[in-house]
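# A look at the structure
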Amino acid sequence: MKELEKNYKRIVVKIGSSLLYGEDSGADCFADAMEELSGQISALVKAGKEIIIVSSGAIALGMRILKMKARPRELSSLQAVAAIGQHILMSQYRRFFEEKELTCAQVLLTWDDFNDRKRYLNAKNTLLELFKLRSIPIINENDSVSNEEIKFGDNDNLSALVAGLIKADILIILSDVEGLLDKEKKPIRVVDEINQEVKSLACPTDKKTCVGGMITKIEAAKIAVDSGIPCVIADGRKKEVISALLKEPHKQGTIFLPKKGYLAAREHWIAFGTKPKGEIIVDDGAKNALINKKSLLSVGVINASGNFECGDIVSIVDRQNYEFARGKAAISGRQLDKVKGARSEKEVIHCDNIVIL
């Protein structure tokens, strides 16, 4: 594993709710976990590493304060619980990092910060400036204002998007599992391709305070590796786990190896950095043409949905409803509805603005 023995300098660490909230035992492991993880990160920052934390836990901590046993289902209730828990989450991070003579900064994001290219670049520049100030960015989804249109849904995918945004050297997803397990429930140490067999090993979480599970972690790993970034899923309860996996990532949890032909920054933004505003269904001929780096013409469009405008990112799916590409629309959904299927040279998406997933 010589290719994994490298100096990882820019690191994104995602900390799951399960590490900050001891649901199974009924014990509050919050302070112990925060102290352990912040201590590891502090030592690495002082050694010259650039680290971003993507932290879950606001909703779980809000539930703890309110003595709620089940995660609220209504969006407004979730937002209120998150607002209660978020300030406690940040105050504890601040306290532990101040003890190590370091500062941290709260950064709350929604899909809107990624959808708009200018806001996307502004977020990137802010994070890079925080590195220069030797301050540790702590990122969370802005749950208190997010609606269904702009929610990420989980912090696993958010951590992968942030890793791509800043061109991280590695993404570390810490949870209460050792990694991806095979059918015999033994950890798989190295995954060189995320295929259907790998996806079939994942199962959703049944924890009341969490969203996602191994399924969303593999989705996040896919975003990372397609961006040329290795991703490790590991057990955050182990002592000094971050330092250990930076030295030998193939011996700690599961490492997903990056693709060699990874996406450029602009392609990454089209593919993963923005939420599609609509969907275009294409026929088999159009699909083959797109895969062979051709533009999408109106004749190959079967149908479209969503209220998208010219310049919006849209999802491109085949007859089997499988999303195989994303692109930047050259016409609006209203215009496309009038010309779909027509035998003309009307360009729906230019080949330079299409990314095959």
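Here's a quick rundown of the structure.

Thresholds applied
- Throughout, residues of each chain are indexed from 1 in the direction in which the sequence is written.
- Reporting in this predicted model follows two pLDDT cut-offs: at least 70 for local features of residues, and 80 or more for side-chain atom pairs to be given and counted; totals over whole chains, interfaces and linings ignore these cut-offs and use all residues.
- Side-chain numbers come from the whole structure's heavy atoms, not from hydrogens or water.
- At least two DSSP bridges between two strands are required for those strands to pair.
- A run of H or I in DSSP becomes a helix once it reaches four residues, and a run of E becomes a strand once it reaches two; helices and strands are each numbered from the N terminus.
- Salt bridges are identified by distance alone: a Lys or Arg side-chain nitrogen within 4 Å of an Asp or Glu carboxyl oxygen.
- Note on classification: 1.4 Å probe, protein chains only; a residue is buried when its accessible area is under 20% of the maximum for its type, exposed when over 50%, partly exposed between these limits.
- Angles run from 0 to 180 degrees between N-to-C directions of axes, and those axes are lines fitted to C-alpha atoms, restricted for helices to the stretch in contact.
- One less than the residue count of a helix, multiplied by 1.5 Å, gives the span that helix is expected to have.
- Contacts: residue pairs with any heavy atoms within 4.5 Å of one another.

### Considerations on the sheet that holds strand β8 (residues 254–256)
- If you walk across this open sheet you meet the eight strands as β3-β4-β2-β1-β5-β7-β8-β6, and the pairing is mixed. Each end of this open sheet is capped by a strand with a single partner; those strands are β3 (103–109) and β6 (190–191).
- Direction of pairing for strand β1 (residues 10–15) relative to strand β5 (residues 170–175): parallel, over a ladder of five bridges. Bridging from a neighbouring strand, Ile-15 pairs with Leu-174 of β5.

### Side note on the pattern of salt bridges
- Tallying each qualifying case throughout the model produces 17 salt bridges.
- In this structure, Arg-94 and Glu-98 form a salt bridge, with 4.0 Å as the shortest nitrogen-oxygen distance. Taken together, the residues Arg-94 and Glu-98, both in helix α4 (residues 75–99) and four residues apart, mark about one turn of the helix.
- The exposure class of Arg-94 is partly exposed, given its relative accessible area of 44%.
- Judged by relative accessible area, which is 49%, Glu-98 ranks as partly exposed.
- When the shortest N-O distance is used, the salt bridge between Asp-337 and Lys-340 registers 3.0 Å.
- Looking at Asp-337, the relative accessible area reads 47%, which means it is partly exposed.
- Relative accessible area serves as the criterion here: at 28%, Lys-340 is assigned to the partly exposed category.

### Brief notes about the sheet that holds strand β15 (residues 354–356)
- Within the open sheet, the five strands sit side by side as β11-β9-β12-β13-β15. Their pairing is mixed. The open sheet is flanked by β11 (301–305) and β15, the only strands paired with a single partner. Averaged over neighbouring strand pairs, the angle between their axes works out to 25° when direction is ignored.
- The pairing of strand β13 (residues 323–328) with β15 spans three bridges and is antiparallel. Bridging across to β15, Ala-325 finds its partner in Ile-356.

### A word on helix α9 (residues 214–226)
- For α9, spanning 13 residues, the distance from its first C-alpha to its last is 18 Å, which sits close to the expected 18 Å at 1.5 Å a residue.
- Among the 13 residues in α9, 10 count as buried, and that is most of the element.
- Taken as a whole, α9 has its buried residues at Met-214, Thr-216, Lys-217, Ile-218, Ala-220, Ala-221, Ile-223, Ala-224, Val-225 and Asp-226.
- Against the buried residues of α9 lie α7 (155–165), β5, α8 (196–200), β7 (231–235), β8 and α11 (265–271).
- In the stretch just after α9, Gly-228 is the one whose phi turns positive, near 80°.

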